[in-house]
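Topology and contacts: notes
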Amino acid sequence: MNFITIGISTILYLGLFAPLFPQLIREWMDNPYYSHGFIIPLLSVFFLWRKREELKKISLTSSVWGILIVLMGASFFVLAKLGYQFFMQCSAMVVILFGLVFVHAGWGMMKKTAFSVFYLIFMIPMPQLVYTSLTFRLRLFSTKLSFFVIKLIGINATREGNIINLPTTVLIVANPCSGLRGLITFIVGSLAIGYILQKSIWKRAVLLCFSVLLAVLMNVARLVTLAVVADINKMDHISEGVHDIAGLLLLVVGLGILFMFNDFLLRVNKK
């Protein structure tokens with residue numbers, strides 16, 4: 001392994017992408033959907049640390065094929081820079097990192113570190129167009145399903161778009177109530193849990209799919225809980241504090257269910 005070329009690559013890499021870091025950190029601080037961004041690089045390093053003994057056994061060989069990935073990522077970055085696409089610029093950072101691992105350490109190392117590098121994609125805020133589309137669809141779906149459950153349990157309610165009219169107040173399913181934040185949290189969490197605790201790829205996939213379903217159901221449960229609390233207490237207004245408490249409680253419950261389902265998968269086919 002040529003440490004001089006690795007040093008040069010590192011300097012060039014940081015020089016190219018360091019200007020993105022301040023904006024990325026601001027997003028983590030100001031965007032509630034990506035407050036988990038601070039922990040993603042730490043988890044990626046932790047994943048590598050857990051595999052340290054395996055990584056030591058890999059024969060390190062330089063590969064020119066990795067240059068193709070680096071060039072592809074660099075081209076992607078230039079186009080994203082010209083188009084002012086922050087998400088794509090940051091994604092190019094991950095692609096080029098893949099390529100550099102391939103160039104300096106070979107296919108074996110890249111394969112073993114692939115998940116740790118890929119996981120970094122979750123620290124990057126999604127494009128505004130994707131965010132808007134997802135929140136709109138999730139908000140409408142959550143409203144419809146919540147309204148169905150609210151009517152099913154006997155509360156006299158009507159629905160107008162994303163607004164549920166209760167007997168004494170209204171429940172407005174705005175963007176923060178779409179469930180996107182919880183969905184991102186559950187996906188990021190299930191991937192980490194699956195990678196650390198599950199050995200089977202199919203079990204990791206099942207855990208990921210379950211986390212998506214669970215996130216949606218937990219958001220619906222939150223909305224229904226708010227409706228029930230408002231109806232029982234004849235509230236004319238649902239305060240932000242009540243929203244936050246219900247969301248936090250159901251997030252904890254949801255994560256508990258996710259861990260229990262992971263434990264169930266660990267027992268499947270266990271000898």
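Residues numbered from 1 in each chain as written. Predicted model: local features only at pLDDT ≥ 70, side-chain atom pairs only at ≥ 80, totals over all residues. Heavy atoms only, no water.

1. Some points on empty space enclosed by the protein
Short version of the rule: Site definitions follow a grid-based scheme: protein atoms alone, a 1 Å grid, a 1.4 Å probe that fits but cannot get out for cavities, and for pockets an open set with protein on both sides within 12 Å along at least five of seven lines, plus lining residues having an atom within 4 Å of a point. Grid points are joined across faces, edges and corners, and a volume is the space filled by probe spheres set on the points. The nonpolar class holds Ala, Val, Leu, Ile, Met, Phe, Trp, Tyr, Cys and Pro. Asp, Glu, Lys and Arg form the charged class, and all remaining residues, Gly among them, are polar.
Using the criterion set out here, one finds one cavity of 30 Å³ or more in the structure. By volume, the largest cavity amounts to about 40 Å³. Class assignment of the residues belonging to the lining of the largest cavity gives a composition of five nonpolar, four polar and no charged.

2. A short note on the packing of aromatic side chains
Note the following rule: Stacked, tilted and edge-to-face are the three classes applied to pairs of Phe, Tyr and Trp rings, where Trp contributes its six-membered ring and a pair requires centres within 6.5 Å; stacked means planes under 30 degrees apart, edge-to-face means over 60, and tilted covers the rest. Exposure classes here rest on a 1.4 Å probe applied to the protein chains alone. A residue is buried below 20% of its type maximum, exposed above 50%, and partly exposed in between. Secondary structure counts use DSSP, requiring at least four H or I residues in a row for a helix and at least two E residues in a row for a strand, with both numbered from the N terminus.
In this structure the tally under the stated criterion is 17 aromatic pairs. With centroids separated by 5.6 Å and ring planes inclined at 35 degrees, the aromatic side chains of Phe-115 and Tyr-119 adopt a geometry described as tilted. Tyr-119 matches Phe-115 in its accessibility class, with the two residues each being buried. Note on Phe-261 and Phe-264: the rings are 6.0 Å apart at their centroids and 35 degrees apart in plane angle, and the pair reads as tilted. Here Phe-261 pairs with Phe-264, and both are found in helix H10 (residues 240-267), just three residues apart, close to one helical turn. With relative accessibility at 48%, the residue Phe-264 sits in the partly exposed group. Ring pairs connect the aromatic residues Phe-46, Phe-47, Trp-49, Phe-115, Phe-118, Tyr-119, Phe-122 and Tyr-195, which therefore count as one cluster.

3. Thoughts on the sheet that holds strand E1 (residues 158-160)
In plain terms, the rule: Strands qualify as paired when DSSP identifies two bridges or more between them. Only the stretch in contact is used when fitting a helix axis, every axis being a line fitted to C-alpha atoms; angles between N-to-C directions are given from 0 to 180 degrees.
Spatial ordering of the open sheet is given by E1-E2-E3, a layout of three strands whose pairing is antiparallel. Both edges of this open sheet fall to E1 and strand E3 (170-172), since each of them pairs with a single strand only. Adjacent strand axes in the sheet meet at a mean angle of 20 degrees when their direction is disregarded. Across three bridges, strand E2 (residues 163-165) lies against E3 in antiparallel orientation. Residue pairing in the sheet places Asn-165 in a bridge with Val-170 of E3.

Everything listed here is a matter of geometry and, on its own, says nothing about what the molecule does.
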